[in-house]
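Below, each chain spelled out in residue letters.
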Amino acid sequence: MNAKVVLLPGDGIGPEVTDQAEKLIRSMSDQYGLGIEINTGLIGGAALDETGEPLPEDTLAMCREADAVVLGAVGGPKWDDPHAKKRPEQGLLALRRELKLFANLRPVRLHPALAEISPLKTERIKNVDLMVVRELTGGSYFGDKEEGDDFASDSCTYTREEVERVVTMAADMARARYGRLTMIDKANVMATSRLWRAVSAEVMEKKYPDVAYETMLVDAAAMHIVANPSRFNVIVTENMFGDILTDEASVLVGSMGMLPSASLGEGKAGLYEPIHGSAPDIAGRGLANPFGMLGSVGMMFEYSLGMREAARQVELAIWNAVSAGQCTLDIGGNLRTDEAADAVINQLGDIHAKKVAFI
Ligand code: NAD
Ligand code: IPM
Ligand code: MN
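The shown structure was predicted, so the numbers you read here are calculated from the model rather than taken from an experiment.

Calculation notes
- Residues numbered from 1 in each chain as written.
- Chains lettered and ligands numbered in written order.
- Predicted model: local features only at pLDDT ≥ 70, side-chain atom pairs only at ≥ 80, totals over all residues.
- Near = placed C-beta within 6 Å.
- Nonpolar A, V, L, I, M, F, W, Y, C, P; charged D, E, K, R; others polar.
- Helix = DSSP H or I, 4+ residues; strand = E, 2+ residues; numbered from the N terminus.
- Expected span 1.5 Å × (residues − 1).
- Buried ≥ 20, exposed ≤ 12 C-beta atoms within 10 Å, placed from the backbone.
- Arc of directions from axis to C-beta.
- Contact = placed C-beta atoms within 7 Å.
- UniProt positions renumbered as here; feature names shortened; annotations may be inferred.
- Core = buried A, V, L, I, M, F, W, Y, C linked by C-beta atoms within 7 Å.
- Domains from an automatic or database assignment.

Taken together, 22 residues lie around ligand 1, and G75, G257, H276, G277 and N289 are the ones closest in. When the residues that make up the shell around ligand 1 are grouped by side-chain class, the tally is 9 nonpolar, 9 polar and 4 charged.

Right, here's the structure in full:
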């Protein structure tokens, strides 16, 4: 197969969790005889320090050639000067834009062993199994910006085509899951949301009459996600609402460190990153939960390498590690980042051995 994977560790806990991703990819590559080629590039603050650019041309060129890109996190206090011309986060946004990654899939599933860690009552969260499809290359993140001492603006724009393609992807997912889709917007205030509403309704009526479809205002959705999260299955929403709602949803399943993501689009390479940031408060101490990152590697096997069974095995290995209490402090364990990742790799070995014995 000889797939090419690019690792972009970035900043803070980014390199700590990306090291674990590399171990997992190498172990899967050996196990399945895949001969995956791994290269590493600079992004974010680390790239700014070394090259003066948050997304150096070499990095982008490498990513364009790759089948998949695995990213840790970017940003941190060192680069937070509000007057700085270049910021680490611009590197990540430029990468998403350049690779045309318009859909960001963020699954949120509760492991029963983590129910008591959640601040919410167990009976409210026990069936949580969400897939949030966040639009990733439009909205206020990418509209024209003006920045001055007395005035600033971020314009929020969407086109019909941008809405159509991401809603179509989410509706396909809803059809393959439980046949339910919620589109979240702010149509009582935002013109872009009214476009989302009109275009989504059209797509759903014409192509997905079999999928139960509802719309919800984002403020109410923020409440329902904590009050009654299992009422949702697949959610589709614009860029910034999706960013905010998924950090909120991470609380349901125990920790920010648990949530993986896959960004897909028109181009060849998919981008795989945990939803968390560089966590400056715990960086450099071996405390970072690597499971969101390892789950992202699982998604890479499914969406970029076409290996669904391998992806399921990674998911199951993480699941088994959590069941066995082999995890980091944030979710009630006492393992360090690398030990928790090793536990997942060992679980994978067991799953593989059982499978081979069964065959
Ligand atoms: P954050 O996600 O880095 O951290 C929020 C909280 O969650 C912190 O208390 C942190 O310790 C905890 N946390 C995050 N990941 C964890 C993990 N794997 N294991 C255990 N605990 C974890 O958000 P923030 O503090 O608001 O942002 C810090 C920096 O990260 C900022 O510069 C921001 O721009 C950047 N950021 C980057 C990305 C990305 O690269 N994709 C995402 C979000 C934030
Ligand atoms: C995320 C992050 C990014 C975003 C930032 C770092 C640009 O919060 O990946 O969720 O807002 O998309
Ligand atoms: Mn975010």
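Now that the structure has been shown, we can carry on.
Next up on the list: unusual backbone geometry. Unusually for a residue other than glycine, K100 sits at a positive phi of about 55°. Phi is positive for A279, close to 40°, though the residue is something other than glycine. In this fold, A279 is placed in the loop between β12 (270-272) and α10 (291-303).

Looking now at helix α9 (residues 239-250). Taking 1.5 Å of rise per residue, the 12 residues of α9 would be expected to cover 16 Å, and the 17 Å separating its terminal C-alpha atoms lies within 8% of that figure. Among all positions in α9, only N239, F241, G242, L245, T246, A249 and S250 are buried. Down the axis, α9 shows its buried residues gathered within 155° of arc, on one side only. The secondary structure elements touched by the buried residues of α9 are β4 (103-109), β5 (129-135), β8 (180-185), α8 (218-227) and β10 (234-237).

Bringing the UniProt feature "domain: Isopropylmalate dehydrogenase-like" (unreviewed entry) in the protein into the picture now. Within the UniProt annotation, "domain: Isopropylmalate dehydrogenase-like" (unreviewed entry) is assigned to residues 4-344. Along residues 4-344 the backbone is 42% helical and 17% strand, and the end-to-end C-alpha distance reaches 23 Å.

A word on the nonpolar core. The nonpolar side chains of a soluble globular protein tend to be buried, and buried together. Counting 102 residues, the largest nonpolar core has V69, V70, V133, L294, V297 and V344 as its most contacted members. Here this core spans two domains, since at least three of its residues come from each of domain 1 (1-102 + 257-359) and domain 2 (118-253). Residues within four places of V70 in sequence aside, it is in contact with V5, L7, T18, A21, Y272, S296, V297 and M300.

Moving on: the UniProt feature "binding site: Mg(2+)" (unreviewed entry) in the protein. Taking the UniProt record as the reference, the feature "binding site: Mg(2+)" (unreviewed entry) is found at D219, D243 and D247. One can find D219 in helix α8. In this structure D219 comes out as exposed when scored by C-beta crowding, with 12 C-beta atoms within 10 Å. Within the fold, D243 resides in helix α9. A count of 18 C-beta atoms within 10 Å places D243 in the partly exposed class.

In the region of ligand 2, the neighbouring residues are G75, E89, L92, L93, D243, I275 and G277. Sorting elements by how many residues they give to the shell around ligand 2 places helix α4 (residues 88-98) first, with 3 residues. Residue composition of the shell around ligand 2, by class: 3 nonpolar, 2 polar and 2 charged.

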